[in-house]
Amino acid sequence: MEGPSTADQLFLARPFVWMTRAILAFPVATIAICIALAGVACYLTATRLGYQTSRLDLLNPKSNYNRLWIEYIKEFGDEDDAVIVVEGAGREQVVPVLQELSTALAREDRLFHAVLHEVDLGKIRSKGLHYVSPEELQGIEHFLNELGPILGGDWSPLNLGNMAAGLSQQLGAAARSGGAAPADAAAGREKLERLAASLSESLGQRRRYQSPWPEMPSSFAILSELNSDYLLTKQGQLGFVLLRLARGQDGFNHYTEATDVLRSLIAHTQARHPGTKIGLTGLPIMENDEMRSSQSSMFWASAVSMLGVGLLFVAGFGGARHALLANLILLVGMAWAFGYVTLSVGHLNILSVSFTVTMIGIGIDYGVYYVARYLQLRSESLDCEEALLETARGAGPAILTGAVTTAIAFFAAGFTSFKGVAELGIIAGGGLLLCAAAELIMLPASIYLIDRSGWGVRMPQPLGVHRWIAPFARFPRITLGATLIGTAVLATGLGGLWYDNNLLNMQAEGLESVALEKKLLAECNQSVWYALSIADSREELLARKAQFLKLSTVERTEEIVSLLPVDLEVKQPVIERIQARLAGLPERPPLVSVDRPEKLGQVLGQVQDMLARGRFDDRCVRQLEIVRDLLRRMPLSDCYAQLSRFQQEMAGDLLSRLHILRSIANPEPPKLTDLPSSLVDRFVGQHGKHLLKIYGRGDMWDTNALAHFVSDVRMVDPQVTGNPLQAHEASLEMKRSYQEAAIYSLLVIIAVLVLDFKSLHYAILAALPLGVGVLQMFGLLGVLGIAMNPANLIALPLILGIGVDYGVHIVHEFRESSGVYRMSPGTAVAVLVDALTTLVGFGSLMIASHQGLQSLGRVLTLGVTCCLFTSLVMLPALLTLISRARPAAPAAHLPLERPAIVPRRAAA
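Residues numbered from 1 in each chain as written. Predicted model: local features only at pLDDT ≥ 70, side-chain atom pairs only at ≥ 80, totals over all residues. Heavy atoms only, no water.

Two elements in contact, helix H4 (residues 91–107) and helix H11 (residues 256–272), have axes separated by 11 Å at closest approach and are oriented at 145°. In terms of crossing hand, the pair formed by H4 and H11 is right-handed. Residues Val97, Glu100, Leu101, Ala104 and Leu105 of H4 form the contact with H11, whose own contacting residues are Leu262, Leu265, Thr269 and Arg272. Across the contact of H4 with H11, the residue classes break down as 6 nonpolar, 1 polar and 2 charged. (Axes fitted to C-alpha atoms, helices over the stretch in contact; angles between N-to-C directions. Helix = DSSP H or I, 4+ residues; strand = E, 2+ residues; numbered from the N terminus. Left-handed = near helix turned anticlockwise from the far one by under 90°. Contact = heavy atoms within 4.5 Å. Nonpolar A, V, L, I, M, F, W, Y, C, P; charged D, E, K, R; others polar.)

What follows covers the pairing of strand S10 (residues 531–535). Along S10, 4 of the 5 residues are buried, which leaves the element largely enclosed by surrounding structure. Relative to strand S12 (residues 690–696), S10 runs antiparallel, the two sharing 5 bridges. Counterpart to Ala535 in the pairing with S12 is His690. Relative to strand S13 (residues 721–722), S10 runs antiparallel, the two being bridged by 2 bridges. Across the sheet, residue Ala531 finds its bridge partner in S13, namely Gly722. (Buried < 20%, exposed > 50% of the residue type's maximum accessible area, 1.4 Å probe, protein only. Pairing = 2+ DSSP bridges.)

The next point concerns the side chain of Ser102. Within the secondary structure layout, Ser102 lies in helix H4. If we ignore the near neighbours within four places in the chain, the residues touching Ser102 are Val115, His117 and Val241.

The backbone of Ala114 sits at a positive phi, close to 55°, despite the residue not being glycine. Within the element layout of this structure, Ala114 appears in strand S3 (residues 112–116). Since its relative accessible area comes to 25%, Ala114 is described here as partly exposed. Residue Lys758 is not a glycine yet carries a positive backbone phi of 55°.

This brings us to helix H26 (residues 703–716). The end-to-end C-alpha distance of H26, which contains 14 residues, comes to 21 Å, matching closely the 20 Å that a straight helix rising 1.5 Å per residue would cover. What H26 keeps buried is the set Leu706, Phe709, Val710, Asp712, Val713 and Val716. On its buried face, H26 is in contact with S10, helix H20 (538–549), strand S11 (554–558), S12 and helix H27 (723–757). (Expected span 1.5 Å × (residues − 1).)

Let us look at helix H13 (residues 321–344). Here H13 spans 35 Å end to end across 24 residues, near enough to the 34 Å set by a 1.5 Å rise per residue. H13 sits mainly inside the fold: 17 of its 24 residues count as buried. Two residues or fewer after H13 comes Gly346, characterised by a positive phi angle close to 95°.

On to the pairing of strand S7 (residues 238–245), then. Of all 8 residues in S7, 8 are buried, a share of seventy percent or more. Neither face of S7 is exposed, since Leu238, Phe240, Leu242 and Arg244 on one face and Gly239, Val241, Leu243 and Leu245 on the opposite face are all buried. As defined by bridge partners, strand S2 (residues 82–87) adjoins S7 across 6 bridges and the pair is classed as antiparallel. Its bridge partner lying in S7, Glu87 is registered against Leu238. As paired strands, S3 and S7 are joined by 3 bridges and run antiparallel to one another. Bridge pairing links Phe112 to Leu245 in S7. With 2 bridges connecting them, strand S6 (residues 232–233) and S7 associate as antiparallel partners. Note on S7: the bridge partner recorded for Thr233 is Leu238. In textbook terms, the turn of a hairpin is the stretch between consecutive antiparallel strands, and for S6 and S7 this stretch comprises 4 residues, one of which, Lys234, has a positive phi near 55°.

What follows concerns a positive patch on the surface. A cluster of basic residues, Arg474, Arg477, Arg822 and Arg884, forms a positive patch on the protein surface. Mapped onto the secondary structure, Arg474 falls in helix H17 (residues 465–474). (Patch = residues over 30% accessible without salt bridge, like charges linked within 9 Å, V, L, I, M, F, W, Y side chains within 5 Å. Areas by Shrake-Rupley, 256 points an atom, 1.4 Å probe, with all protein chains shown as cover. Salt bridge = Lys/Arg side-chain N within 4 Å of Asp/Glu carboxyl O. Lys, Arg positive; Asp, Glu negative; His and termini not counted. Charge placed at Lys NZ, Arg CZ, Asp CG, Glu CD.)

Attention now goes to the pattern of salt bridges. Evaluation of the coordinates by the stated rule reveals 31 salt bridges. A salt bridge links Glu100 to Arg272, with the nearest nitrogen and oxygen atoms 2.6 Å apart. In this pair, Glu100 is assigned in helix H4 and Arg272 in helix H11, connecting sequence segments 172 residues apart. Arg272 sits in the exposed class, given a relative accessible area of 51%. Beyond isolated ion pairs, a larger network of salt bridges with shared partners links Glu625, Arg628, Asp629, Arg632 and Arg633.

If you trace the backbone, Ile469 turns up in helix H17. Residue Ile469 is classed as buried on the basis of its relative accessible area of 11%. Through-space distance from the C-alpha of Ile469 to that of Met823 is 8.9 Å; in sequence the pair is 354 residues apart. Setting aside chain neighbours within four positions, we find Ile469 in contact with Met823, Ala828 and Leu872.

Close contact between helix H15 (residues 384–411) and helix H16 (residues 419–451) brings their axes to 8 Å; oriented N to C, the two are set at 170°. By the criterion of interaxial angle, the relationship of H15 to H16 is roughly antiparallel. Looking at the contact of H15 with H16 residue by residue, the class counts come to 17 nonpolar, 4 polar and 2 charged. (Parallel < 35°, antiparallel > 145°, perpendicular 65-115°, else oblique.)

In this section: the confidence of the model for the chain. Should pLDDT be low for a region, the predicted coordinates there are not to be read in detail. The predicted model of the chain averages 82 in pLDDT, with 87% of residues at 70 or higher. Across residues 1–10, confidence stays below pLDDT 50; counting only partners more than four residues off in sequence or on other chains, it has 18 contacts. (pLDDT = per-residue confidence, 0-100.)

Attention shifts here to a nonpolar patch on the surface. A surface patch of nonpolar side chains, amounting to about 530 Å² of accessible area, comprises Phe415, Ile743, Tyr744, Leu747 and Val748. By the element assignment, Ile743 lies in helix H27.

Whether parallel or antiparallel, the strands of a sheet pair through hydrogen bonds between backbone atoms. One open sheet accounts for 4 strands, arranged S11-S12-S10-S13; its pairing is antiparallel. In the strand order of this sheet, the two ends are held by S11 and S13, each with one partner. One ladder, built from 4 bridges, connects S11 with S12; its direction is antiparallel. Bridge pairing in S12 links Arg556 to Tyr695.

Here the focus is the environment of Thr416. By secondary structure assignment, the location of Thr416 is in the loop between H15 and H16. Exposure remark for Thr416: the relative accessible area of 7% places this residue in the buried category. Once residues within four sequence positions are removed from consideration, Thr416 is found in contact with Val421, Ala422, Ser737, Glu740 and Ala741.

This paragraph deals with the packing of aromatic side chains. All chains considered together, the criterion is met by 8 aromatic pairs. A ring pair is formed by Tyr72 and Phe76, whose centres lie 5.4 Å apart and whose planes are at 25°; its orientation type is stacked. Of this pair, Tyr72 and Phe76 both sit in helix H3 (residues 64–76), 4 residues apart, roughly one helical turn. Comparing Tyr72 with Phe76, the two get one shared label, buried. Both rings, one in Phe757 and one in Tyr762, keep their centres 6.3 Å apart while their planes meet at 40°; by these two values the pair is tilted. With respect to class, Phe757 is no different from Tyr762; both count as buried. One aromatic cluster in this structure is built from Phe757, Tyr762, Phe814 and Tyr821. (Phe/Tyr/Trp six-rings, centres within 6.5 Å; stacked < 30°, edge-to-face > 60°.)

Note that Arg544 resides in helix H20. Overall, the relative accessible area of 11% leaves Arg544 in the buried class. Not counting residues within four places of it along the chain, the set of residues in contact with Arg544 comprises Ser533, Ile534, Ala535, Val716 and Asp717.

This is the structure we're talking about:
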């Protein structure tokens, strides 16, 4: 295989030689200009760079699912609830804690609002009759009509003799009608049975009062007791306080101050109630915890990677001088990169903020290759200036190609639909080019100044990496065969590769908010996630609710429109009449006169005889006989006292019922304003639209369960939205975007390689380690059970950009050499140190507590390791094999023309 033509070498290398000559002519000015630009970039970054902290900022604004979410936000706002969870032995222990927490939160109105721990139904209670059925209302009105004299102030109908006589007349009239009024007869018998049973119980041995009045309807009884409905579940053992947090000004963590104060408040409350357990969760809390965890992880990962990269640089090249220069220049390149971000995109988001680690992990590579080639040339007895010019000629084109291909791998993501991925691609691609530019411009100037001074008397000796890998190239067929077999074995793991979009699995381990969310899911199927359906009317929402509840994937729903009754036009006139009838109730019942026991006994006897002749219920007849017998046996004074007591208890019982009835007989129809505003604001929009929350059955964070839930609820309402649907669609779109970015990157990278090498054959050789390494990586992920997820999908374009870089430098050296290929010491150590610094840069993510960043570190570590193996072992063996017939002629160097400008020499 022939090397490149002289024309190709001149075309690729001459600009770098010219640039380096100019730099060496004015090294101090070059460095000063670069640092000044870095200062300007830092100023722009500090004053103009914005931060987008919402997940909404990552999504494609033109997508249908995001459009629905934006419409929801316009109507209901973008605030999610933080949730305080109180766990205790029962209601009596939990409710006081809920009340105390809510009172304390209300005092911190600067940080918290819309606090809700109970639904105050006081106003609704006064309008309770609107919630009974029209038939029950008619029954109540009929009952009041029967009590007409009593409501008019005449309580004599409660005299037992009068009551018995009246019932006797009612039964007699029913009997004489020949069954024409069976309802009246049945009602009379029922009243008489209750009276007889009540008298028998009250006058008997136990002398216990038993009400003779009919039972109130169940709905009537419930409404009469309404006051507050606390947010409780699990038989009162779990209670909740919902609240909204005020946004702060703290960069990415807008809820930091509110969250800290909230946790402090909870800690103080917990100390006063040791018998309960108080926890904090909810989407704002989980996102804040995630952001803090990822920020802390990114800080320590950046620090560890920066230190590790420097140490590896020193160890690989045998000295600290050039490692320090390359790393300091990398900081200048990163400053330029931040200035570029400020001018091009204008902000960072929760995804693109990770580009700092990318700059450290990849940006140092360009300095590694430059220093490696320079030190190799110095070891061949070239002086500083000649070595720098020769480095520019030999390494410059390869560094440029590597930087361009890596940047293209990121820029390709800019064409995807997922906004967060697109912005990350634009930011990282441009940032890497600027880091490469900084190394190519500042590094020769810095080395020139340092190595021509007293600091440069002794040159470091790089590691002999080329000797370590020489045995693999000595037996190329065995090496290639073993690589092929190993790759085939690893490829069997592709069947176990899977995608996990469960966001809980990416949170930091040990976070209270995440652990509590999992506990609520496991113990009572409660979740902070729910779908949202918006309806224009009450009727539409309730009809939709009925359809949702029929779905097997739906556990329950929440809304407030059902708190407003129906048939108001029918009920309101009846309730107005009931209220009017009850307007003059006394506070206490008057004294009801008592008949002589003989007279009462005679009246009861007449009723008994009539019942016996009419073949009515024998039980009532027996009870009347028992009452008459009790009256005969009882002393007269005692008899008067017991009868009077019974009549007064019966009157007081009736009056209490009438007072309760009056307390819920407000004829004004219930309105949403009768409910707490903190509740109404969560379910009624700015333009009067109604909200329905739909909770899924099972773990909605699980990929399969979430997919089924989303599919089902969309069958009922195609316009449904909510955090579960947002996360589901965003995860799929992110996955598609990264896959598309990987495909675009691969195609453009191949095109750039073809343009660089002027040969498809060389381009394929340069890309071969990447292709085999990626195949090995995916196989290993399947074998090890490491899932792809929204956090580590970024590894796809990263691996493409990193992996191809190694092959580019090796093939560039292959083209410059002649005879049987042997990797040079400089290229060998450069590829190894490059890969190891990248491994340290991204592998440091594995120390992160955030599991998503951990998984990103693992995937990148495996991918870079595989590409390192294929580049240092497989590719040299292949190049050795195909170059055995190549003539061993010395490679011609590009003639170095004497500079037209005499460089200023640094002091020796």
